[in-house]
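These are the residues of each chain, in order.
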Amino acid sequence: MEMIYLILVLFLGGAVLTWLLGKISPIIRDILFISSVIIPTVLFFMNVEVGHDVSFQVLGYKLSWGISYLAYLFSYIVLGLGSLASVYAVAAMKGKKNLGFFYSNFILSIMSMMGILLSRDLISFFIFWEIMTWSSYLMVVFRGKDVQKVGIKYFVFSAIGAYAMLMAIVIVNSLTNSLLISDLVSSFGSFSLSMKWLIPLLLLIGFAVKSAMMPLHVWAPGAYSNSPMAFTSMFSGALSKMGVYGMIIVMVSLVSYIPNGFWLKETIAWLGGITAVGGTLWAVAQDDAKKLLAYSSVAQLGYIIVGIGIGTPLAMLSALFMAVMHAIFKGNLFLVVGAIERQTGTSNLTEVSGLIRKMPWTFISALFSIIALAGIPPLGGFVGKWMLYESLIGSNHYLLVIVVFFSSTAAFLYSYKFLFGFFLGQEEKEWSHIKEAPAMMVVPMMILAVATFVLGTFPGLVLNPIDNGLQELGFASTQGRYWEMSALFNEWGNQVMLQPLVYAIIAVFLFFAAFLTIKGFKHTRYVTTKDISSSGEVPKEHENLTFSQNFFQPFLRAVEPFMKRRIDTYYSGIGNGLEAIFDFTRRIYTGNGQTYALYAVIFIVVLLMFKNALFGL
């Protein structure tokens with residue numbers, strides 16, 4: 001059996017067996033779940049190489065599966081993050097109900113994402129895309145909370161994207177009589193001007209939905225925050241990258257050949273900038289960490305979309321590097337919140353604080369990921385944002401630089417809010433019993449945390465695969481050294497040219513860590529928020545005086561005019577209008593036979609009255 005077939009069969013079989021045998025034994029279920037993710041992952045990286053593909057016929061159409069350099073890069077995200085999240089999930093979800101169902105859809109999500117990356121024809125791509133949508137939808141509603149509000153919204157927007165993609169596929173097949181992606185790319189130049197615009201726009205709608213690009217983003221905050229955190233790390237870190245993957249292919253292979261396609265690229269870039277700003281502002285306003293990270297994910301995806309829209313080699317390099325880093329640090333932050341929620345029972349920043357001594361490993365993991373998110377050296381988030389700024393300045397997008405820089409700077413606010421709210425505030429008596437999360441949760445988090453440092457210091461580990469992917473897409477060859485367009489790297493691109501700064505930051509961090517450790521534990525008296533006085537009055541037990549309460553209110557008041565304009569309001573209006581139409585239709589179709597007979601009589605009478613005008617009789 002071809003290895004590609006075997007890997008997909010193992011994923012599918014594992015999902016089915018985990019669900020069925022999970023009803024017999026929880027231990028067998030957990031072992032099957034982890035094995036069904038890790039074994040296909042190992043087989044893929046050991047046996048599947050770029051260029052290897054398989055073809056087969058279905059109903060007279062040639063379908064093809066294989067792996068490209070670009071898809072191989074994204075497979076690191078899907079399988080790497082998926083393997084770590086699966087280990088984490090076993091401990092995080094322990095004691096929950098319907099775990100067989102949860103694990104099965106977890107595996108199906110990974111299988112479908114790999115199927116998308118392996119697909120070289122539009123039908124396979126669409127089928128795996130739908131499996132990904134359905135399995136993720138079932139995870140969104142798994143907890144049974146806000147199903148009507150959150151689940152339906154996710155389903156409706158996913159359906160809009162899917163139907164747009166399906167329309168594009170039907171049009172392509174009618175024009176080329178083929179479903180192969182390579183045939184679409186090679187024939188695109190011969191299409192009429194209207195088709196050159198219509199096909200990419202339809203595909204971009206589908207990909208923009210999954211990438212949470214404004215104004216198609218409104219499903220993301222609720223879906224990310226409503227899913228179990230073990231899956232949300234995959235949802236935000238990997239599943240959103242399928243939209244990024246599709247957008248890159250469309251923008252490079254199709255839009256680049258549209259007359260005046262420059263304006264579409266500019267529009268996408270500016271929508272990405274608006275997405276970054278809007279997501280950041282709403283993240284700052286959140287008190288629940290899950291919603292904070294959900295809006296933050298929207299903002300971070302906005303940076304990636306900006307790079308894709310600009311489309312220069314350096315911009316694409318930055319977009320792909322940020323895609324990898326976003327999967328690592330944002331996936332890890334959702335795992336951190338899941339660990340805190342499991343240990344404390346809440347993810348509200350105004351309720352829990354002072355966890356730095358109770359959950360030190362979780363804090364370290366969160367600290368690394370927050371630094372990477374904020375774009376501070378020596379971690380990988382800095383590398384991606386630096387290249388993005390260089391690409392914007394080099395392509396004369398100065399206004400967009402200001403937009404992106406504002407979003408990036410404002411991100412410091414919610415980054416600080418996250419760290420202080422959970423870890424650095426006063427210790428409260430009600431959290432005195434809290435302990436560190438289980439090792440099966442801590443180890444995946446620490447691996448991802450270390451990865452942010454390794455890739456920030458040695459970015460060549462990611463730059464080389466990205467370089468191969470860009471040349472495969474048709475960018476000019478640079479002898480494998482695209483990073484030379486940036487002033488950030490050394491000649492080989494394997495190190496950032498800020499080593500003295502990196503070492504100085506590490507030295508300062510270690511010095512203060514040691515100083516506080518030696519001095520603080522013995523001589524500092526830890527106080528709670530109730531162990532203070534305010535204007536001579538001692539607060540009562542029910543009064544919440546944590547610094548997490550009403551974070552950054554002056555800033556939020558300043559940007560309130562911008563935040564009032566919510567696209568969700570317009571979507572709600574459309575939904576209410578459709579509901580009114582459906583309600584009117586329901587009143588017409590009553591289900592009463594006598595009413596239908598009356599309708600028939602009225603129709604015949606009207607037909608007889610206007611027969612001359614209608615039929616010339």
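Residues numbered from 1 in each chain as written. Predicted model: local features only at pLDDT ≥ 70, side-chain atom pairs only at ≥ 80, totals over all residues. Heavy atoms only, no water.

Peer 1: How should the overall build of the protein chain be read in this particular structure?
Peer 2: Counting its regular elements, the protein chain contains 24 helices and two strands. Every one of the 617 residues in the protein chain was classed for burial, and the buried ones make up 54%. Long-range contacts, defined here as pairs at least 24 residues apart, represent 78% of the contacts in the protein chain between residues at least 6 apart. Total accessible area on the protein chain stands at roughly 27,500 Å², and carbon and sulfur atoms take up 67% of it. (Helix = DSSP H or I, 4+ residues; strand = E, 2+ residues; numbered from the N terminus. Buried < 20%, exposed > 50% of the residue type's maximum accessible area, 1.4 Å probe, protein only. Contact = heavy atoms within 4.5 Å. Areas by Shrake-Rupley, 256 points an atom, 1.4 Å probe, with all protein chains shown as cover.)

Peer 1: I would appreciate a short explanation of the pattern of salt bridges in the present structure.
Peer 2: Note that side chains of opposite charge can pair when their charged atoms are close. According to the stated counting rule, one finds four salt bridges in the structure shown. Across the pair lysine 417 and aspartate 287 runs a salt bridge whose closest N-O atoms are separated by 3.4 Å. Linking lysine 417 in helix H16 (residues 398-424) with aspartate 287 in the loop between helix H11 (262-284) and helix H12 (289-310), this pair joins segments that are 130 residues apart in sequence. According to the relative accessible area criterion, lysine 417 is buried, its value standing at 1%. (Salt bridge = Lys/Arg side-chain N within 4 Å of Asp/Glu carboxyl O.)

Peer 1: Looking at this structure, how should I read the pairing of strand E1 (residues 53-58)?
Peer 2: In the case of a regular strand, side chains alternate between the two sheet surfaces. One ladder, built from six bridges, connects E1 with strand E2 (residues 61-66); its direction is antiparallel. By the bridge assignment, valine 54 is partnered in E2 with tryptophan 65. Between E1 and E2, which follow one another and run antiparallel, lie two residues, and leucine 59 among them has a positive phi close to 55°. (Pairing = 2+ DSSP bridges.)

Peer 1: Please clarify how the packing of aromatic side chains should be interpreted in this entry.
Peer 2: What describes a pair of aromatic rings is the distance from one ring centre to the other and the angle between the planes of the rings. Counted by the stated rule, this structure contains 39 aromatic pairs. Plain terms: the ring middles of phenylalanine 102 and phenylalanine 106 are 6.0 Å apart, the flat faces sit at 55° to each other, and that makes the pair tilted. Placement of both phenylalanine 102 and phenylalanine 106 in helix H4 (residues 99-118) is noted, with a separation of four residues, approximately one turn of the helix. Comparing phenylalanine 102 with phenylalanine 106, the two get one shared label, buried. Consider the rings of phenylalanine 422 and phenylalanine 423, whose centres lie 6.3 Å apart with planes at 75°: the pair is edge-to-face. Residue phenylalanine 422 is classed as buried on the basis of its relative accessible area of 0%. For phenylalanine 423, a relative accessible area of 0% gives the class buried. Three or more aromatic residues joined by ring pairs form one cluster here, namely Phe33, Phe101, Phe102, Tyr103, Phe106, Phe142, Tyr154, Trp219, Tyr224, Phe231, Phe235 and Phe334. (Phe/Tyr/Trp six-rings, centres within 6.5 Å; stacked < 30°, edge-to-face > 60°.)

Peer 1: Explanation requested: empty space enclosed by the protein in the structure shown.
Peer 2: Applying the stated criterion across every chain yields a total of three cavities of 30 Å³ or more. As a volume, the largest cavity reaches approximately 160 Å³. Considering the residues around the largest cavity, the lining is formed by 14 residues, among which Leu122, Ile181, Leu203, Phe207 and Ile249 are closest to the centre. Listed by contribution, the elements that provide at least two residues to the lining of the largest cavity are helix H5 (122-140), helix H6 (147-176), helix H7 (181-187), helix H8 (193-210) and helix H10 (229-253). Among the elements that make up the lining of the largest cavity, the one with the highest residue count is H10 (four residues). Its residues placed into classes, the lining of the largest cavity shows twelve nonpolar, two polar and no charged. Lining the second largest cavity, in full, are Gln300, Tyr303, Ile304, Met322, Met325, His326, Phe329, Ala372, Leu373, Gly381 and Lys385. Residue assignment for the lining of the second largest cavity shows that the elements contributing at least two residues are H12, helix H13 (313-344), helix H14 (360-374) and helix H15 (380-394). Top element by residues in the lining of the second largest cavity is H13. It accounts for four residues. (1 Å grid on protein atoms, 1.4 Å probe; cavity = no way out; pocket = protein on both sides within 12 Å on 5 of 7 lines; lining within 4 Å. Points joined across faces, edges and corners; volume = space filled by probe spheres on them. Nonpolar A, V, L, I, M, F, W, Y, C, P; charged D, E, K, R; others polar.)

Peer 1: Help me out: how do you make sense of the nonpolar core in this one?
Peer 2: A general feature of soluble globular proteins is that nonpolar side chains tend to end up buried together. Core analysis: the biggest nonpolar cluster contains 181 residues, and Phe102, Trp219, Ile248 and Phe418 have the highest contact counts within it. In contact with isoleucine 248, not counting residues within four places along its chain, are Leu70, Phe74, Ser253, Ile308, Met316, Leu320 and Leu473. (Core = buried A, V, L, I, M, F, W, Y, C linked by side-chain atoms within 4.5 Å.)

Peer 1: How should a nonpolar patch on the surface be read in this particular structure?
Peer 2: A cluster of nonpolar side chains, contributed by Leu12, Val16, Leu17, Trp19, Leu20, Leu21, Ile24, Ile28 and Phe101, occupies part of the molecular surface with about 780 Å² of accessible area. In terms of residue count, helix H1 (residues 3-21) provides more of the nonpolar patch than any other element does, six residues in total. With respect to the secondary-structure elements, leucine 17 resides in helix H1. (Patch = residues over 30% accessible without salt bridge, like charges linked within 9 Å, V, L, I, M, F, W, Y side chains within 5 Å.)

Peer 1: Would you take a moment to explain the packing of H15 against H16 for this structure?
Peer 2: Packed helix pairs are characterised by how far apart their axes lie and by the angle those axes make with each other. Two elements in contact, H15 and H16, have axes whose closest approach is 8 Å; the angle formed by their N-to-C orientations is 160°. Judged by the inter-axis angle, H15 sits roughly antiparallel to H16. Every pair of crossing elements has a handedness; the one defined by H15 and H16 is left-handed. On H16, the residues touching Lys385, Leu388, Tyr389, Leu392 and Ile393 of H15 are Tyr398, Leu400, Val401, Val404, Phe405 and Ser408. A class-by-class count of the residues in the contact of H15 with H16 yields nine nonpolar, one polar and one charged. (Axes fitted to C-alpha atoms, helices over the stretch in contact; angles between N-to-C directions. Parallel < 35°, antiparallel > 145°, perpendicular 65-115°, else oblique. Left-handed = near helix turned anticlockwise from the far one by under 90°.)

Peer 1: Honestly, the side chain of aspartate 121 in this entry has me stumped. Any pointers?
Peer 2: Within the secondary structure, aspartate 121 is located in the loop between H4 and H5. It turns out aspartate 121 is buried and unbridged, and the closest side chain with the opposite charge, arginine 120, is 8.9 Å from it. In terms of polar contacts, aspartate 121 uses its side chain to reach the backbone amide nitrogen of serine 124, at 2.7 Å. Setting aside its immediate chain neighbours within four residues, aspartate 121 contacts Lys62, Leu63, Ser64, Trp65, Leu179, Leu180 and Ile181. (Lys, Arg positive; Asp, Glu negative; His and termini not counted. Polar contact = N/O pair within 3.5 Å; in protein donor to acceptor, adjacent residues only side chain to side chain.)

Peer 1: How should I be thinking about the environment of glutamate 49 in this particular structure?
Peer 2: Checked against the element boundaries, glutamate 49 lands in the loop between helix H2 (26-47) and E1. Glutamate 49 sits 19 residues away from serine 68 along the chain, and the two C-alpha atoms are 8.6 Å apart.

Peer 1: Which parts of the structure should I look at to understand the packing of H13 against helix H17 (residues 439-457)?
Peer 2: Two elements in contact, H13 and H17, have axes whose closest approach is 10 Å; the angle formed by their N-to-C orientations is 150°. Judged by the inter-axis angle, H13 sits roughly antiparallel to H17. The chirality of how H13 crosses H17 is left-handed. Here H13 contributes Phe321, Val324, Met325, Ile328, Phe329, Asn332, Leu335, Val336, Gly338, Ala339 and Arg342 to the contact with H17, which in turn contributes Met441, Met445, Leu448, Ala449, Ala451, Thr452 and Leu455. For the contact of H13 with H17, the residue count by class is 14 nonpolar, three polar and one charged.

Peer 1: What is the right way to look at H15 in this model?
Peer 2: An α-helix turns once every 3.6 residues. As a result, residues three or four positions apart point the same way. For H15, spanning 15 residues, the distance from its first C-alpha to its last is 22 Å, which sits close to the expected 21 Å at 1.5 Å a residue. Buried residues dominate H15, accounting for eleven of its 15 residues. Gly380, Gly381, Phe382, Val383, Gly384, Lys385, Met387, Leu388, Tyr389, Ser391 and Leu392 are the residues of H15 that are buried. Downstream of H15 by a residue or two, asparagine 396 has a phi angle that is positive, lying close to 65°. (Expected span 1.5 Å × (residues − 1).)

Peer 1: Where do I start with the confidence of the model for the protein chain in this structure?
Peer 2: In low-pLDDT segments, the atomic positions of the prediction should not be examined closely. On average, residues of the protein chain score 82 in pLDDT, and 80% of them reach the 70 mark or higher. When mean pLDDT is taken per element in the protein chain, helix H3 (residues 69-92) scores highest with 93 and helix H24 (residues 611-615) scores lowest with 61. (pLDDT = per-residue confidence, 0-100.)

Peer 1: For this particular structure, what's the right way to read unusual backbone geometry?
Peer 2: With glycine set apart, most residues show a phi of negative sign, and most peptide bonds adopt trans. Residue proline 215 is bonded to the preceding methionine 214 through a cis peptide linkage, with omega at 10°. Here proline 215 shows up in the loop between H8 and helix H9 (220-226). If you check the backbone angles, asparagine 98 has positive phi at about 55° while not being a glycine. Of note, asparagine 98 is situated in the loop between H3 and H4. Asparagine 98 gets classed as exposed once you look at its relative accessible area, which sits at 58%. The phi dihedral of asparagine 177 is positive, around 55°, even though this residue is not glycine. Tracing the sequence through the fold places asparagine 177 in the loop between H6 and H7. A relative accessible area of 62% means that asparagine 177 is categorised as exposed.

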